Amino acid sequence: MASKLLNRRKAISRLAKIAVGAGVAAVVGGAAAYYLTTKLPVTTQVPEKVKPDRVVIAYQTTIPTLDPHLLNASNVEMSPHLAIFDTFIQQDRELKWQPGVIESWQFSSDKSRVSLKIRKNVKFHNGDILTAEDVVFSLRRLGSPGMPYEGIYSIMKEITAVSDSEVQVVVDPPHPEPAFLTWLIGIGITAAVIPKKYFEKVGADRFGAEPVGSGPYKFKRYVQDSLLELEAFDEYWQGAPPIRYVTFKLVPDATSRAAEIESGTSDITFDVSIADFERLGKIPSFTCMKQPVTDVALLMLAPYHPQIYDLNVRQAMHYAIDKGTITKEVLGGFGIPLSTLEAPGYAAYGYVKDYVFPYDPDKARELLSKAGYSASNPLKITAGGYSGYRTRDLQVMQAIVEMWRKVGIEADLQIFTGTADFFARMDAAQLPTVSLYYWSNPSGDPLYSTGHATWPESPFTPWFAVKEKIDDPRMLKLRDELNTRFEALFKETNESKRMMIAKEYAIFAVEQGMVIPLFQAVQPVVVKKDLHYDPWPQAWVVPQSMSWI
Amino acid sequence: MIRGTYVIKRLVAAVLSLFGVATIAFVLFRIVPGDPARLMTAPGIKAEDIERLRASLGLSDPLHIQYVNWLSGLMHLDFGRSYWLKAPALDVILERLPATLELVFASIIIATVLGVIIGVVSVMKAGRLSDKVATSASFIGFSIPDFLWGVLFVIIFGGLLKLLPVSGRIDPAISLKPVTNFMVIDSILQVNFIALQSSLTHLLLPSLALALGLIAIIHRTLRSSLLDILQEDYILTDRSKGLPEWYIFFVRAFKNGALPVLTIIGVQISFVIGGSVIIELIYGWPGIGTLSLISVNRRDLPVVQGIIVIYSLITIIINLAVDFLYTKLNPKITYG
């Protein structure tokens, strides 16, 4: 009896402890959940029928510096600077040059002089008026010793303000207009107009910490590697932007960016994974867009591997690749197949758009056979690619290797650890036989899209490291031919003749096979339904073109 | 007790360790492929421009000159100038260090508190269901890498449940004056409870992701240690004297049982710091982990080398602190 009572007591005591424990946990958990979900300040909670005054961008990259002239980065990384500063001229969505702070420009017939007319009554954020002096100062700074793009901007040998609203530039050596104009916006650097007086007063370091520009947004605050806040500039010469405040929230991880927008803490984001893009596309509160950008994926062949000296081999490698399958099945539609390095939207695209390099595996086998290869004697090469540098880059290379295997090419796939690894191997003439590369050309000009991607004198091609060491007569002949074509493209001043040269050059480059164009990259963009935004082909994030519906 | 000679020996060892680490950092990033000057350029640049840039960064100097410059700079706390950020590398690192330390300390606090609580419950209920549940949970926590927990938390708590923020240290709408650059401390100092709540909620997921593995280790170590100690003769003597069980457990046994836990924490801290690199990337946490990834990719040598030295210094300091705490917990232990 006593033991029964003891057991009952123990059981009741145990039950009581469990009940108390569960009750406390429920109360604490419920209070915490209530507090966290209702008391968290959510900047994007919107009262009914009132447009927000702010947009939060889950931004996919870091901001190395706020000084536009010191930026060495991709096009995307120019985005905050394009909001704070004006570049010398502007570029529209069709990649055409448009007047900006420089409202007109006049080249001499030999392209050795340029006259730049400065727009009047443009204000900097601190109230100073933008004059020719600021343009001169900015151009000189870009080309001064120690600046990252000194070599490019130092072609502007003399830069003089002839009045408050006109600047004369002597260009030596003379450059074609598109080349010069490209650098009035910049590639990987923002060619911005900065205020001379303010810069000289505060110095470079403080200018980088508290930048002043003439752009649509003025700097408000920057938390290192975390966020950048901007406020609309009411006296912007093109009119104040629609949204008052912009926050660039730095979120380098793609999964976190998807969670940011899904949770509502951000309003727009870019470059989420394909899986997240498809999943978010099914949610009615988001608009998901695919934007082709000025970025081309290509294969570069290294001219120091004897297997590829035979043109039949190079062409066979190209014929064997089914770009349609790669862009549709591997990339899920995030790619547009290309036959040349001129992508839709580029200046020379219209001249080459009817040219097709077809997928023809039978032709590939025939050409390999001519070169002495067969199923029992396959061509053996090395191939280089990335893993995680771009969307499904490893899968793209794996698909290509498999396509090659079907025609009798055995490719040993190596993975670059990053662009640093790729360039190191390029400089040391140690690239694999063929390497995947992404060639960005926001200018859209064939001098950069085809020219610099194939020119043996460019340090960005595998030719450069061995240009004096090539001894195969076929490679020597090809090298000389590419040099001649590049020079013709560079020197031609008549625009329609230049486009014809570009067309022939683009097709020649592909048919000679030292580059194999694959596809134009497509950027995933996810935006809240009530935020209007048309993405830009330069892959810029442009808050001044966003508006709440 | 720690004798003066021991302190001196440890300090000398620390200096030699730092010298070794600085040398390894220097050599490592001159061996791995990648030209920092090259990575700072774009098509259109000529080879001579790259060479000029290389010279301006001091990379054209002979290696032994670069090494001497690096070491002599180190002795003056000059880590050089960041190639990309155009600022003193030490300033760049110190600006971001509090973010990493806040994350690491929060992880260690969470891991220690939860690990000890679960460990104590496990011991008290040894062999029973709650002990088995705790042990299984430990295995799961330990088996899944911290970065995977990090991604899972982002997807579940951020995306699906929309319960907690998944990036940054504080809500962008909150403006907090940086005093210590520790968000939680600055919120308290400025008596800003909204900022405090926001900084704590932002800190929760990344620090929990980092802590889970350590919770498991602390739990297992404490459980094992306490179960052994509770079999010791002096404990049996205390019981036979009729001392209360809670006194025997928390006053007599726990202090000795905690010693191995302290050692484990000291050892694991370097792994927590290492794990914070990926967690910072996942959560957009602006610490030196994120900075190190960006700097390695860009071959920003002064910053990378500086971060390696700073990480080593933190590990050395924490291990010294652990040794000190050890002697406080057990006065019988003497160093030196």
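Residues numbered from 1 in each chain as written. Chains lettered and ligands numbered in written order. Predicted model: local features only at pLDDT ≥ 70, side-chain atom pairs only at ≥ 80, totals over all residues.

> Got a minute to help me understand the overall build of chain A in this structure?
The helix and strand inventory of chain A stands at 17 helices and 19 strands. Expressed as lengths along the three principal axes of its C-alpha atoms, the size of chain A is roughly 110 × 75 × 40 Å. Taking contacts inside chain A between residues at least 6 apart in sequence as the whole, the part at least 24 apart equals 71%. (Helix = DSSP H or I, 4+ residues; strand = E, 2+ residues; numbered from the N terminus. Contact = placed C-beta atoms within 7 Å.)

> It is not clear to me how the overall build of chain B should be interpreted in this structure. Could you clarify?
Of regular secondary structure, chain B possesses 13 helices and zero strands. The order of helices and strands in chain B, counted from the N terminus, is α-α-α-α-α-α-α-α-α-α-α-α-α. Overall size of chain B, expressed as C-alpha extent along the three principal axes, is 85 × 55 × 40 Å. Looking at chain B alone, contacts between residues at least 24 apart form 71% of all its contacts between residues at least 6 apart.

> Would you explain the domain arrangement of chain A in this entry?
Interface size is commonly expressed as the accessible area that is lost once the parts come together. Residues and elements named next belong to chain A. Taken domain by domain, chain A consists of domain 1 (56-285 + 529-548) and domain 2 (295-523). When each unit is reduced to the centre of its C-alpha atoms, the spacing between domain 1 and domain 2 is 31 Å. Between domain 1 and domain 2, the contact holds 17 residues from the first and 16 residues from the second. A total of three residues in the side of domain 1 that touches domain 2 trace back to one element, the largest contributor, which is helix α5 (residues 177-182). Residues that form the side of domain 1 that touches domain 2 fall into these classes: ten nonpolar, four polar and three charged. (Domains from an automatic or database assignment. Nonpolar A, V, L, I, M, F, W, Y, C, P; charged D, E, K, R; others polar.)

> Help me understand the packing of helix α9 (residues 311-319) of chain A against helix α12 (residues 361-370) of chain A in this model?
The geometry of a pair of packed helices is captured by two quantities: the angle between their axes and the separation between those axes. All names here are of chain A. Interhelical geometry of α9 versus α12 gives an angle of 160° and a closest axis separation of 8 Å. By the criterion of interaxial angle, the relationship of α9 to α12 is roughly antiparallel. The handedness of the crossing between α9 and α12 is left-handed. Within the contact between the two elements, α9 uses N312, V313, Q315, A316 and Y319 and α12 uses P361, K363, A364, L367, L368 and K370. Taken together, the residues of the contact of α9 with α12 break down into seven nonpolar, two polar and two charged. (Axes fitted to C-alpha atoms, helices over the stretch in contact; angles between N-to-C directions. Parallel < 35°, antiparallel > 145°, perpendicular 65-115°, else oblique. Left-handed = near helix turned anticlockwise from the far one by under 90°.)

> Mind showing me how you'd approach the environment of K111(A) here?
All names here are of chain A. In this structure, K111 sits in the loop between β4 (102-107) and β5 (113-118). Taking C-alpha positions, K111 is 9.4 Å from F180, a pair spaced 69 residues apart along the chain. Contacts of K111, omitting those with residues within four sequence positions, involve V171, P174, H175, P176, E177 and T493.

> Help me understand the interface of chain A and chain B in this model?
Chain A puts 55 residues into the contact, and the matching count from chain B is 53 residues. Elements that contribute at least two residues to the side of chain A that touches chain B include exactly α1 (2-39), α4 (150-153), β9 (227-232), β10 (245-250), α7 (254-263), α14 (419-427) and α15 (446-454) of chain A. For the side of chain A that touches chain B, a count of residues per class yields 23 nonpolar, 21 polar and eleven charged.

> What's the story with unusual backbone geometry in this structure? I'm lost.
Excluding glycine, a negative phi dihedral is what most residues carry, and trans is how most peptide bonds are arranged. The residue after D172(A), namely P173(A), is reached through a cis peptide bond having omega 5°. Here P173(A) shows up in the loop between β7 (166-171) and α5. Notably, A429(A) is not glycine yet its phi reads approximately 55°, a positive angle. With respect to the helices and strands, the residue A429(A) is situated in the loop between α14 and β16 (434-440). You will see that N181(B), though not glycine, has its phi angle at about 70°, which is positive.

> Can you walk me through the pairing of strand β6 (residues 156-163) of chain A in this structure?
All names here are of chain A. Note: β6 against β7, six bridges, orientation antiparallel. The partner of I159 across the bridge, within β7, is V169. Counting the residues in the hairpin turn of β6 and β7 gives two residues. (Pairing = 2+ DSSP bridges.)

> Teacher, can you tell me more about the nonpolar core here?
Taken as a class, soluble globular proteins show a tendency for nonpolar side chains to be buried jointly. In this structure, I57(A), V135(A), A316(A), A320(A) and V515(A) are the most contacted members of the largest nonpolar core, which totals 229 residues. The greatest single-element share of this core, amounting to 15 residues, is contributed by helix α9 (residues 193-229) of chain B. Residue contacts for A316(A): discarding those within four places in its chain leaves A364(A), L367(A), L368(A) and V407(A). In terms of nonpolar packing, the next biggest core, distinct from the first, is built from five residues, I170(B), M183(B), A195(B) and L196(B) among them. (Core = buried A, V, L, I, M, F, W, Y, C linked by C-beta atoms within 7 Å. Buried ≥ 20, exposed ≤ 12 C-beta atoms within 10 Å, placed from the backbone.)

> Whenever I open this one, helix α11 (residues 245-282) of chain B confuses me. Can you help?
Helical geometry note: an α-helix holds 3.6 residues per turn, so side chains three or four residues apart project in the same direction. Residue and element names in this part refer to chain B. When the terminal C-alpha atoms of α11 are compared, their 46 Å separation across 38 residues is substantially less than the 56 Å that a helix rising 1.5 Å per residue should span. Within α11, the axis deviates most sharply at F254, by approximately 55°. Backbone geometry just downstream of α11 places G284 in the positive-phi region, at approximately 55°. (Expected span 1.5 Å × (residues − 1). Bend = angle between axes of the 7 residues up to and from the residue.)

> How do you make sense of the domain arrangement of chain B when you look at a structure like this?
Residue and element names in this part refer to chain B. As assigned here, chain B comprises domain 1 (4-75) and domain 2 (94-329). Taken together, the 13 residues of domain 1 in the interface contact twelve residues of domain 2. Going through the elements one at a time, α1 (4-31) and α2 (36-39) are the ones with two or more residues in the side of domain 1 that touches domain 2. The leading source of residues in the side of domain 1 that touches domain 2 is α1, at nine residues.

> Just checking my understanding: could you explain α12(A) for this structure?
All names here are of chain A. Three or more residues of α12 are buried, namely A364, R365, L367 and L368. One face of α12 carries all of its buried residues, which in axial projection span an arc of 165°. On the buried face of α12, the contacting elements are α9, β14 (379-385) and α13 (393-407). Directly beyond the C-terminal end of α12, a positive phi value near 100° is found at G372. (Arc of directions from axis to C-beta.)

> How should the pairing of β16(A) be read in this particular structure?
On a regular strand, each side chain points to the face opposite its neighbour's, so the side chains alternate between the two faces of the sheet. Residues and elements named next belong to chain A. Of all seven residues that make up β16, six are buried, and the element is covered over most of its length. Here seven bridges tie strand β12 (residues 286-301) to β16, and the two strands are oriented antiparallel to one another. Bridging across to β16, L298 finds its partner in Y437. Where β14 lies against β16, two bridges are found, and the strand directions are parallel. From the neighbouring strand, A383 faces β16, where its bridge partner is V434.

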